[in-house]
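Single-letter residue listing:
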Amino acid sequence: MKKLSVLFCSFIASILFMQASDRDPHQFFPDKDLSLVGVYYYPEHWEQSQWVRDFKQIKDLGFEFVHFAEFAWAQIEPSEGVYDFAWLDKAVDLADKNGLKVIMCTSTATPPVWLVRKYPEVLIEREDGTKWDHGSRQHPSVSNTFFREYSLKTIDKLAQHYGKDTRIIGWQLDNEPRVSADYGQVAQQRFRDWLRNRYTTIGALNKAWGTAFWSQVYSDFSEVNIPRMSQQFMNAHQKLDFKRFITDEMASFLDDQTRVIRKYSIPQQWITTNYIPEYSDGHVRKSDELDFHSYTRYMVFGENYGIGRKGYRLGPVERIAKANDFFRPIDGVYGVMELQPGQVNWGQINSQPLPGAVRLWLWHVFAGGSKFACTYRYRQPIYGTELYHYGIVGPDGVTPTPGGLEYSEFIKEIKQLRKEYKTGAKNPESYEKRRTAILFNHENSWEMEQNKQTTEWDTEKHIDKYYDALKNFGAPVDFIDERADFSKYTTMIVPAYEMLDKELVERWRRYAEQGGNLVLTCRTGHKTRNGQLWEAPFAEPIYPLIGAKIDFYDLLQPSTPDQVVFDGKRYDWTSWGEILIPDTDTQTWAAYEGDYYAGRPAIITHRLGKGTVTYVGVDSKDGEMEKAVLKKLYGQLNIPLLDLAPGLHIEYRDGFGIAVNYSDKTLSLPLNPNVKYIFGGKEIKTAGVSVWKE
């Protein structure tokens, strides 16, 4: 009978686990809350006698949750197999007494010194054979099997302790996880195992990597090494697979952590992590066990970006917008786990943000649909690597910083906005009609960046030319991958999708034939998924789709740009131009000027079934041509567009309109006069925010 009971409990547990791993992330965030606001607090950094004061002030400033333990492995496990949760329990108790919920973290980014000294093989080994060392963070290798297994053992203890605690609303895994190349022996073997699993036979690997070239043929997987990235002319297909491997390593490490926590956690606790978009690479969309994906965003850290002479005090408008639009579509829910509270310490030139900038960023995060915003950190550190990094309060532990006061102001505004919220409120029809998908795959970026063919090519800037145009039109944008349902979108842009298979081309064809409007751009369809050219005319698989052939491509010298003529206007280009041969029923929209192929087509379009396919075979210098092409296409589709001033973005969510102004001048919003402004008004100043209901 006892055996039967154990089997039954095991069955129920497996059912609950399956339900947990396939649950709707919207359930964690009631619509009426709109967005929660929280702050990082490091109890291990401060005398316990100060904790009571600190938690009370966190509550008084309006914060709704706190964030614990992301770097606290040494305090949680002070020696091997010895765990101390008493101090953390006290911090959770104090948070609860002040009405604050808790996000609990796994501290895998910072293993304790006893672990790396006893087991030095867990440290990342560089290409030159030297190892990283203790004293920093993210120095252990997720491609070290022992480190992975030991981390999960510690997480198991943490999850046993807090998985049933209703005061814990969620879990953050690791910290800003990013892929790192490890050249250690264990990582080497794991790479070989990964290749064996991918290709099964060494012959298949030889074919995928084209090892007949330069006598690179392998006879066994044991002969394959991690590619030396610094070695000139290293096999490009091998390098591509290594990028795939290390992203899979990070993704699987996060998924393993999630599975351990879910063995113990109650259904109300969600699990996420905080990616840095620039360093997340492909693993951001591969950690499928997470409930949803979150990101970290810093805006002012020494880059001279922004509008006007002092634009660097605000940062570029697209920086938050693009992260919102990249993370939201993955799960339908996202949060911003780490948002700048003020001046930072780790940039090249750590300028003060403009007064009002922090509040602007918070509203911009909210505008994209975020369910929470959290900031690093509550107290400015007085020691350590980030001791000049602002917090919500300064080094005295009590005086709010300017950014801290702006956080408090935003929290009050969100609480006021909750009173205005109406269940079932919808976005304006004209706004949703503009909604556009951008199909994106990191692997295409990797492949093009290692095979640029010209110093003038920049994959991200190429994509941004289309993205920035869409935001200027006031369009909501979803970055999607190939798992998405294309039919949800009237228009889908596919920028520089270099590697594909014929199945994807067939999906694009069906999308267009059923009424979708597909925009493909240069460098699309050149290669197979292995990064090899087709044994066929250049990019032949897309010819029936685009209604044309590609005769050849050209790359110009930076000092001698040529022009593309589109609707009577000339646009400079240098980086990539494909000379097209359109079919008889394909319309030419633009042609080259200035060289021996002057007059030949550069941009074409044609109808395909109920929809259209437009092919933009050239990359302009400044993005104005791409904007003009999209404007013409949307005009023909009767999709209403705005023409927003640079630095102005308008979004809608939950029935509210939100405008943010990153420009260096006061702007007037293109809104109906009868809208009800809740914050701000029709005239919006630099760093200003307006919020309204239609």
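What counts, and where the lines are drawn
- Residues numbered from 1 in each chain as written.
- Predicted model: local features only at pLDDT ≥ 70, side-chain atom pairs only at ≥ 80, totals over all residues.
- Heavy atoms only, no water.
- UniProt positions renumbered as here; feature names shortened; annotations may be inferred.
- Helix = DSSP H or I, 4+ residues; strand = E, 2+ residues; numbered from the N terminus.
- Rg over C-alpha atoms; globule rule 2.2 N^0.38 Å.
- Buried < 20%, exposed > 50% of the residue type's maximum accessible area, 1.4 Å probe, protein only.
- Areas by Shrake-Rupley, 256 points an atom, 1.4 Å probe, with all protein chains shown as cover.
- Lys, Arg positive; Asp, Glu negative; His and termini not counted.
- Charge placed at Lys NZ, Arg CZ, Asp CG, Glu CD.
- Pairing = 2+ DSSP bridges.
- Axes fitted to C-alpha atoms, helices over the stretch in contact; angles between N-to-C directions.
- 1 Å grid on protein atoms, 1.4 Å probe; cavity = no way out; pocket = protein on both sides within 12 Å on 5 of 7 lines; lining within 4 Å.
- Points joined across faces, edges and corners; volume = space filled by probe spheres on them.
- Nonpolar A, V, L, I, M, F, W, Y, C, P; charged D, E, K, R; others polar.
- Disulfide = S-S within 2.5 Å.
- Core = buried A, V, L, I, M, F, W, Y, C linked by side-chain atoms within 4.5 Å.
- Domains from an automatic or database assignment.
- Contact = heavy atoms within 4.5 Å.
- Phe/Tyr/Trp six-rings, centres within 6.5 Å; stacked < 30°, edge-to-face > 60°.
- Lys NZ or Arg CZ within 6 Å of the ring centre and 35° of its normal.
- Parallel < 35°, antiparallel > 145°, perpendicular 65-115°, else oblique.
- Left-handed = near helix turned anticlockwise from the far one by under 90°.

If you check an unreviewed UniProt entry, the protein appears there as Beta-galactosidase from Dysgonomonas capnocytophagoides. Of the comments in the UniProt record for the protein, the one headed Sequence similarities (unreviewed entry) reads "Belongs to the glycosyl hydrolase 42 family." Its UniProt record, at the heading Catalytic activity (unreviewed entry), says of the protein: "Hydrolysis of terminal non-reducing beta-D-galactose residues in beta-D-galactosides."

Chemist: Is there a simple way to think about the overall build of the protein in this case?
Modeler: Within the protein, the secondary structure is distributed over 18 helices and 25 strands. In terms of overall dimensions, the protein is globule-like: its C-alpha atoms have a radius of gyration of 27 Å, near the 26 Å expected for 694 residues. Within the span of the protein, comprising 694 residues, buried residues form 59% of the whole. Roughly 28,500 Å² of accessible area belongs to the protein as shown, and the carbon and sulfur atoms make up 52% of that amount. When the 84 positive and 92 negative side-chain charges of the protein are each reduced to one mean point, those points stand 4 Å apart.

Chemist: Would you mind going over the sheet that holds strand E21 (residues 656-661) with me for this structure?
Modeler: Pairing between the strands of a sheet comes from backbone hydrogen bonds, and it takes one of two forms, parallel or antiparallel. Taken in spatial order, the four strands of this open sheet run E20-E21-E25-E23, and their pairing is antiparallel. Both edges of this open sheet fall to strand E20 (648-653) and strand E23 (676-679), since each of them pairs with a single strand only. Mean inter-strand twist for the sheet, computed between neighbouring axes without regard to direction, equals 25°. Relative to E21, E20 runs antiparallel, the two sharing six bridges. Note on E21: the bridge partner recorded for isoleucine 650 is alanine 659.

Chemist: Would you mind going over empty space enclosed by the protein with me for this structure?
Modeler: Summary: where empty space remains is shown by rolling a probe the size of a single water molecule over the atoms. Taken as a whole and judged by the stated rule, the model has four cavities of 30 Å³ or more. Roughly 190 Å³ of volume is contained in the largest cavity. Ranked by residues supplied to the lining of the largest cavity, first place goes to helix H9 (residues 236-262) with four residues. Class assignment of the residues belonging to the lining of the largest cavity gives a composition of 10 nonpolar, five polar and four charged. Of the pockets and cavities examined, the second largest cavity occupies roughly 70 Å³.

Chemist: Is there a simple way to explain the state of the cysteines in this structure?
Modeler: Between two cysteines, a covalent bond joining their sulfur atoms is known as a disulfide. Within the structure shown, the criterion is met by zero disulfides. Not part of a disulfide, cysteine 374 finds its nearest cysteine sulfur in cysteine 105, a span of 8.6 Å.

Chemist: Before we go on, may I ask you to explain the nonpolar core in this structure?
Modeler: Counting residues in hydrophobic clusters, the biggest one holds 147 residues, and the most contacted among them are Phe55, Phe68, Met104, Trp361, Trp363 and Ile603. The greatest single-element share of this core, amounting to nine residues, is contributed by helix H11 (residues 357-367). The residue makeup of this core includes at least three contributed by each of domain 1 (429-637) and domain 2 (651-693). In this structure, phenylalanine 55 is in contact with Tyr41, Val66, Phe68, Ala91, Leu94, Ala95, Asn98 and Leu100, ignoring residues within four places of it in sequence. Judged by nonpolar contacts, the second largest core, of 30 residues, contains Ala437, Ala484, Trp508 and Leu608.

Chemist: I'm lost on the packing of aromatic side chains in this one. Help?
Modeler: Each aromatic ring pair is characterised by the separation of its centres together with the angle its planes make. Applying the stated criterion across every chain, the model contains 59 aromatic pairs. Taking the centre distance of 6.2 Å and the plane angle of 70° together, the rings of tryptophan 457 and tryptophan 576 count as edge-to-face. Linking tryptophan 457 in the loop between helix H14 (442-450) and helix H15 (459-472) with tryptophan 576 in strand E15 (residues 569-582), this pair joins segments that are 119 residues apart in sequence. Here tyrosine 467 and phenylalanine 479 contribute two aromatic rings whose centre-to-centre distance is 5.6 Å and whose plane-to-plane angle is 35°, an arrangement assigned as tilted. Taken together, the residues tyrosine 467 in helix H15 and phenylalanine 479 in strand E10 (residues 477-480) connect sequence positions 12 residues apart. Accessibility expressed as a relative area gives 2% for phenylalanine 479, which makes it buried. The rings of Tyr275, Tyr295, Phe326, Phe327, Tyr334, Phe440, Tyr467 and Phe479 are connected pair by pair, giving a single aromatic cluster. Note that arginine 523 overlies the ring of tryptophan 457, its terminal NZ or CZ placed 4.8 Å from the centroid. Looking at arginine 523, its charged tip hangs above the ring of tryptophan 576, at a distance of 4.0 Å from the centre.

Chemist: Can you help me understand the domain arrangement of the protein in this one?
Modeler: Accessible area lost during the coming together of the parts is what is often quoted as the interface size. Here the domain parsing of the protein yields domain 1 (429-637) and domain 2 (651-693). Taking the mean C-alpha position of each, domain 1 and domain 2 sit 33 Å from one another.

Chemist: How should the packing of H15 against helix H18 (residues 624-636) be read in this particular structure?
Modeler: Any two packed helices are characterised by how steeply their axes cross, that is the angle between the axes, and by the distance between the axes. Direction vectors running N to C along H15 and H18 enclose 50°, while the axes themselves pass 9 Å from each other. Here H15 lies oblique to H18, going by the angle between them. In terms of crossing hand, the pair formed by H15 and H18 is right-handed. When H15 is examined against H18, the residues Lys465, Tyr466, Ala469, Leu470 and Asn472 are found in contact with a partner set consisting of Glu626, Lys627, Leu630 and Tyr634. Partitioned by chemical class, the residues of the contact of H15 with H18 number five nonpolar, one polar and three charged.

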